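Descriptive structure summary
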Amino acid sequence: IGPDFGPSTSPNTWTVNFAYSPAPTGTKLVMLHFTGASFPANNRLEVDLGYSGGEMDVFTSADGTDFWTRPINVYTVGTSVTIRYITNGAATGGVQLDQYGRGERHSKDPTPPYASSAFDCLTNCDPFLDPAGYQQPDFATFWFCNNPPNWENTACVNPPADIRNTVAPAVGMIVHVDANAALGFAVSTCSVTLVSPDTIVTAGHCMTDPIEDAKSASVIFNYATQCNNNVPNNYSGRFFKVKEVIRQRFADGSSNDYCLLRLKVPPGGLGITPVPMRSDIPAIGEQVFGIHHPNGSIKKISIPHPGYATVTSSNVNGIGVNLDVSGGSSGSGLFDTSGRITGILSAGVACGLGYFPIATMQQDVDNPPAITRDVMLVFDRSGSMSLPGTSGQTKIEEARAAASLFIQLVRAGTGNRVGLVSFST
């Protein structure tokens, strides 16, 4: 798409209407991936999202050469997505659409260790809420302490001043493209909590390849129905793109399981009050509750109001509690009666969930461990290195000085290792 690939469809504009293949069970969302992007001068790419107010994804040279869109509202855009490459200051450039992700209702992950019937489910990640009616997933029961599960839609909480109504707007669902060795790439979801005006926290295991996963990640906070599962009047789902990974810890030999991510915040902010983070470990017997998106569903509260669950075990490595959750609840927050997030859903079984403590996460972020690296210097000693450099010395003399400085700056005695390989004549 763009001047590098053919004539324009209108002055300075190259428009393509991409028709995606619809899902057999009904398409819930579409995400587009672009590669080989070239945006000289002020050229840009626009992708219609189907959001209220005509909001689009706009990509420029600041977005690099490959990127994903936010999830697109297929109920608004229909069976094709409008893409426009627009020139502004340069008559060259372009971008390639090479793949897309599709949301649909589908059965469980068939790979081990998920072969048990307790993992049988039919997900339904439908964040734009089908106007024809929202259909609940058939939930995986593996993590249920009660069957049917002891949870309720967030809209059921009454009165409005209940602390759960204060916390619920800050809980969201993250969607990203996840690499799975058995299934190839898959669109995956977890639950998140907003802890600062532009920062969310989720489980580290939700973003096992954090830098790569973040490229496709977006978060929605208003994915919820009415108490009776009806779609609210004038509902308009809206995603916010993940900007960067602040810190992720998981499977590193410690008990850490968290990921802090920064969002791209629109002018005027998200319009959501962040949840405060608790700085100490809750005691056994304290009252708590969880808010999450099980199996990609609408927002749920465990347990239903006005009751609370109680902490069954507590230490710096984990908070134990009995709540009903399911796949996609990972990364969700555990909240105390003051509305503070105390933990992040990390692991567990039925009647025995484990939340990684927020207090431990904060200490870990404040005191990062020393990270060691194995670094190879690749040294060019070809004939051109005898030419003058920018300092008046030859290029090879400048390269020697740069390599010497780098080696001096590497911290000794901590496990760092440096190697050297040269090439050419």
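The structure displayed is predicted, hence computed values, not measured ones. (Residues numbered from 1 in each chain as written. Predicted model: local features only at pLDDT ≥ 70, side-chain atom pairs only at ≥ 80, totals over all residues. Heavy atoms only, no water.)

**A short note on the overall build of the chain**
- Helix and strand counts for the chain stand at five helices and 23 strands.
- With respect to the principal axes defined by its C-alpha atoms, the chain has extents near 75 × 65 × 45 Å.
- Among the 425 residues that make up the chain, the fraction classed as buried is 45%.
- Excluding contacts between residues fewer than 6 apart, the proportion of contacts in the chain whose partners are at least 24 apart in sequence is 69%.
- Of the roughly 19400 Å² of accessible surface on the chain, a fraction of 53% belongs to carbon and sulfur atoms.
- Between the averaged position of the 26 positive side-chain charges in the chain and that of its 34 negative side-chain charges there is a distance of 3 Å. (Helix = DSSP H or I, 4+ residues; strand = E, 2+ residues; numbered from the N terminus. Buried < 20%, exposed > 50% of the residue type's maximum accessible area, 1.4 Å probe, protein only. Contact = heavy atoms within 4.5 Å. Areas by Shrake-Rupley, 256 points an atom, 1.4 Å probe, with all protein chains shown as cover. Lys, Arg positive; Asp, Glu negative; His and termini not counted. Charge placed at Lys NZ, Arg CZ, Asp CG, Glu CD.)

**Describing the nonpolar core**
- Core analysis: the largest hydrophobic core is formed by 40 residues, its most contacted members being Ile174, Ile200 and Phe221.
- For this core, the element with the highest residue contribution is strand β14 (residues 258-263), accounting for five residues.
- With residues near it in sequence (within four places) discarded, Ile200 still touches Ile174, Val192, Thr193, Leu194, Val219, Phe221, Cys259, Leu260, Leu261 and Leu263.
- In terms of nonpolar packing, the next biggest core, distinct from the first, is built from 36 residues, Leu29, Leu49, Met173 and Tyr235 among them. (Core = buried A, V, L, I, M, F, W, Y, C linked by side-chain atoms within 4.5 Å.)

**Focus: the environment of Ser8**
- Structurally, Ser8 is set in the segment before β1 (13-19).
- What Ser8 contacts, discounting residues up to four positions off in sequence, is Thr13 and Trp14.
- Of the polar contacts made by the side chain of Ser8, one reaches the backbone oxygen of Ser10; its length is 3.2 Å. (Polar contact = N/O pair within 3.5 Å; in protein donor to acceptor, adjacent residues only side chain to side chain.)

**Considering the sheet that holds strand β4 (residues 56-59)**
- A sheet is described by the order of its strands in space; here four strands give the open sequence β1-β6-β3-β4, paired in antiparallel fashion. Edge positions in the sheet fall to β1 and β4, since each of these pairs with one other strand and no more. Each neighbouring strand pair of the sheet contributes to a mean axis angle of 20°, computed without reference to strand direction.
- Sheet analysis places strand β3 (residues 44-48) next to β4, joined by four bridges and oriented antiparallel. The partner of Glu46 across the bridge, within β4, is Val58. (Pairing = 2+ DSSP bridges. Axes fitted to C-alpha atoms, helices over the stretch in contact; angles between N-to-C directions.)

**Structural notes on the sheet that holds strand β5 (residues 67-68)**
- Strand order across the open sheet formed by three strands is β5-β2-β7, with antiparallel pairing between neighbours. Here the strands that pair on one side only, and so sit at the sheet edges, are β5 and β7 (94-104).
- Taken together, the nine bridges between strand β2 (residues 27-38) and β7 define a ladder with antiparallel strand orientation. Each bridged residue has a counterpart across the sheet, and for Val30 the counterpart in β7 is Arg102.

**A short note on the side chain of Asp213**
- Tracing the backbone shows Asp213 in helix α3 (residues 210-216).
- Lys215 is the oppositely charged side chain nearest to the buried, salt-bridge-free Asp213, at an N-O distance of 9.9 Å.
- Sequence-distant contacts of Asp213, defined by excluding residues within four places in its chain, comprise His176, Val177, Asp178, Cys206, Met207 and Thr208. (Salt bridge = Lys/Arg side-chain N within 4 Å of Asp/Glu carboxyl O.)

**Notes on the pattern of salt bridges**
- Taken as a whole, this structure holds 21 salt bridges when the rule is applied.
- For Arg70, the salt bridge is made with Glu55, and the minimal N-O distance between the two is 2.8 Å. You can see Arg70 sitting in the loop between β5 and α1 (74-77) and its partner Glu55 sitting in the loop between β3 and β4, a full 15 residues away along the chain.
- As a salt-bridge pair, Arg164 and Asp162 come within 2.8 Å of each other at their nearest N and O atoms.

**Description of the pairing of strand β11 (residues 199-202)**
- Residues Thr199 and Val201 of β11 are buried on one face, and the alternating residues Ile200 and Thr202, pointing to the opposite face, are buried as well.
- As paired strands, β11 and β14 are joined by four bridges and run antiparallel to one another. Residue Thr202 lies in a different strand from β14, and its bridge partner there is Cys259.

**A word on the packing of aromatic side chains**
- A full pass over the atoms with the stated rule returns 16 aromatic pairs.
- When the centroid spacing of 5.7 Å and the interplanar angle of 10° are considered together, the rings of Phe39 and Tyr85 count as stacked. On the criterion of sequence distance, the pair formed by Phe39 in the loop between β2 and β3 and Tyr85 in strand β6 (residues 80-86) is long-range, its members being 46 residues apart. Like Phe39, the residue Tyr85 is buried in the burial classification. (Phe/Tyr/Trp six-rings, centres within 6.5 Å; stacked < 30°, edge-to-face > 60°.)

**Some remarks on a nonpolar patch on the surface**
- Taken together, the side chains of Met376, Val378, Val421 and Phe423 make up a nonpolar region of the molecular surface, amounting to roughly 390 Å² of accessible area.
- When contributions to the nonpolar patch are tallied by element, the ones reaching two or more residues are β22 (374-380) and β23 (417-423).
- Position of Met376 among the secondary structure elements: in strand β22. (Patch = residues over 30% accessible without salt bridge, like charges linked within 9 Å, V, L, I, M, F, W, Y side chains within 5 Å.)

**A word on the environment of Ser117**
- Assignment of secondary structure puts Ser117 in the loop between β7 and β8 (152-153).
- Sequence separation of Ser117 and Asp364 is 247 residues, and the distance between their C-alpha atoms is 38 Å.

**A few points about unusual backbone geometry**
- A cis amide bond links Asn147 to the next residue, Pro148, at an omega of 10°.
- Even without being a glycine, Asn234 presents a positive backbone phi close to 60°.
- With respect to the helices and strands, Asn234 occurs in the loop between β12 (218-220) and β13 (239-249).
- Its identity is not glycine, yet Cys351 carries a phi of approximately 65°, on the positive side.

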